[in-house]
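# Structural overview
One-letter residues, chain by chain:
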Amino acid sequence: MNIKERYESAKEIYAGIGVDVEEAVKKLEQIPISMHCWQGDDVMGFEGVESLSGGIQATGNYPGRARTPQELMDDIDKALSLIPGTHRLNLHASYAIFEEGQQVDRDALKPEHFAKWVEFAKARGLGLDFNPTMFSHPKAENATLSSEDEEVRKFWIEHCKACVRISEYFATELGKPVSMNIWIPDGFKDVPADRTSPRARLKDSLDQILAMDYDKSKVLIAVESKVFGIGMESCTVGSHEFYMNYAATRGIMCLLDSGHFHPTEMISDKISSMLLFSDKVALHVSRPVRWDSDHVVLFDDETREIAKEIVRGGAERVLLALDFFDASINRIAAWVTGMRNMEKALLYALLMPNEKLAKLQEERRFTELMMEQEELKTYPFGDVWDYYCESHGVPVKEQWFAEVEKYEKEVLAGR
């Protein structure tokens, strides 16, 4: 059978358990995933930094890293050409594009420094998301928004305010709201004597940022926690408990990064709780291996569980982005693998008879529930995915990798 015939057969099989495959596919098309620009250049940005700092590491030295805005845009185009659907692009402030001799420090960034990204997004029908960059900078060596040095703290407050203005510019130009996520690397390597004062300063800094005049319907601000990082193993100022409470009391989003918790903590278990108390929640899906190692997202158990919670909780309430950077393999293949796997997980979740499964749980028919969930694993999900890819004009199965190999030989090898 060809792809269309297998798809029609799958439709019949899923219909037998009450799942409308065409409706599932339509819903998938309406769930954008924000693709992170920093996978393409190992989080280096365009400020001329030579190494990362602030607990950030991209390990590996695979050839072909994007070195200029045009190279990065070309690589993003190639990746998007192999990923079905229309998505968003997630930028860091360190990816500002300056005219020669016009570079400014991060506290003085302006919308015009991102005009080329807006032009890029408009031409491709992409939305944009944004992140202040509070690492890999001399003023981030000790602390940022929680710094005891008022001059340093003021610098980072002004940087975040500049990022809010840039985010509003994105939203106005593109006609789509922008998620602006704040993450800081502040913390202590060894046991601190005072956890309260740094967190009080962070709270005050965030309050100053939120006090600025901006359109809250256009800029959706999120704060992102972390359990620990390199150089802050004993205490992270922006902990989950801090940000969860801060977001809840300030009407902003709490962002959950799947790599930012203890190894046995899963954000799939947190999403439903967050949505009971917040209108929206933001996610960074990554794959931690023992710690926040930012491996490429796989079609694994936790990714599928995250997707199930997104679908069951209401996909329109979850702002979904990926966050990984692997410099040890072909960077475009990493993007494509991660994005396609996240989409596969969403489709897998959409093809589940969720109401039936929930009813079995409600009636405490746990034996039958376990049986049903296990049998669903061998339903013809792959046939629906192949049809989805073909209908969006992207290669099916592993065929996309030939395009990446060709691009590597013709483009990346020359860098």
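If you look the chain up in an unreviewed UniProt entry, it shows as L-rhamnose isomerase from Hungatella hathewayi WAL-18680. Under the UniProt heading Function (unreviewed entry), the entry covering the chain gives this text: "Catalyzes the interconversion of L-rhamnose and L-rhamnulose."

### Considering the overall build of the chain
Each helix and strand in the chain was counted, giving 14 helices and 10 strands. Over its C-alpha atoms the chain spans a radius of gyration of 22 Å, differing by no more than 12% from the 22 Å that the globule rule assigns to 415 residues. Reported as C-alpha extents along the three principal axes, the dimensions of the chain are approximately 65 × 55 × 40 Å. A buried classification covers 54% of the 415 residues belonging to the chain. Here the contacts in the chain between residues at least 6 apart in sequence split such that 79% fall between residues at least 24 apart. With an accessible surface of roughly 18,500 Å², the chain has 49% of that area assigned to carbon and sulfur atoms. If the 49 positive side-chain charges of the chain are averaged to one point and the 70 negative ones to another, these points end up 1 Å apart.

### A word on the UniProt feature "binding site: Mn(2+)" (unreviewed entry) in the chain
The sites that carry the UniProt feature "binding site: Mn(2+)" (unreviewed entry) are, in the present numbering, His260, Asp292 and Asp294. Their sequence span is 35 residues, while the largest C-alpha to C-alpha distance among them is just 9.7 Å; these annotated residues converge on one region. Mapped onto the elements of the fold, His260 is located in the loop between strand S8 (253-257) and helix H8 (271-277). One polar contact links the side chain of His260 to the main-chain carbonyl oxygen of Ser225, over a distance of 2.6 Å. As for its position among the elements, Asp294 is in the loop between strand S9 (281-285) and helix H9 (301-313). Ignoring sequence-local partners within four residues, the contact set of Asp294 consists of Ser286, Arg287, Asp323, Phe324 and Phe325. Among the polar contacts made by the side chain of Asp294, one reaches the side chain of Ser286 at a distance of 3.4 Å.

### So, the side chain of Asn354
Its place among the elements puts Asn354 in helix H11 (residues 354-362). A residue is classified by how much of its surface remains accessible, and Asn354, at 19% relative accessible area, is buried.

### Description of the environment of Glu372
Examined against the element boundaries, Glu372 turns out to sit in helix H12 (residues 366-375). The class for Glu372 is buried, based on a relative accessible area of 14%. Sequence separation of Glu372 and Pro353 is 19 residues, and the distance between their C-alpha atoms is 9.6 Å.

Definitions and limits used
- Residues numbered from 1 in each chain as written.
- Predicted model: local features only at pLDDT ≥ 70, side-chain atom pairs only at ≥ 80, totals over all residues.
- Heavy atoms only, no water.
- UniProt positions renumbered as here; feature names shortened; annotations may be inferred.
- Helix = DSSP H or I, 4+ residues; strand = E, 2+ residues; numbered from the N terminus.
- Rg over C-alpha atoms; globule rule 2.2 N^0.38 Å.
- Buried < 20%, exposed > 50% of the residue type's maximum accessible area, 1.4 Å probe, protein only.
- Contact = heavy atoms within 4.5 Å.
- Areas by Shrake-Rupley, 256 points an atom, 1.4 Å probe, with all protein chains shown as cover.
- Lys, Arg positive; Asp, Glu negative; His and termini not counted.
- Charge placed at Lys NZ, Arg CZ, Asp CG, Glu CD.
- Polar contact = N/O pair within 3.5 Å; in protein donor to acceptor, adjacent residues only side chain to side chain.

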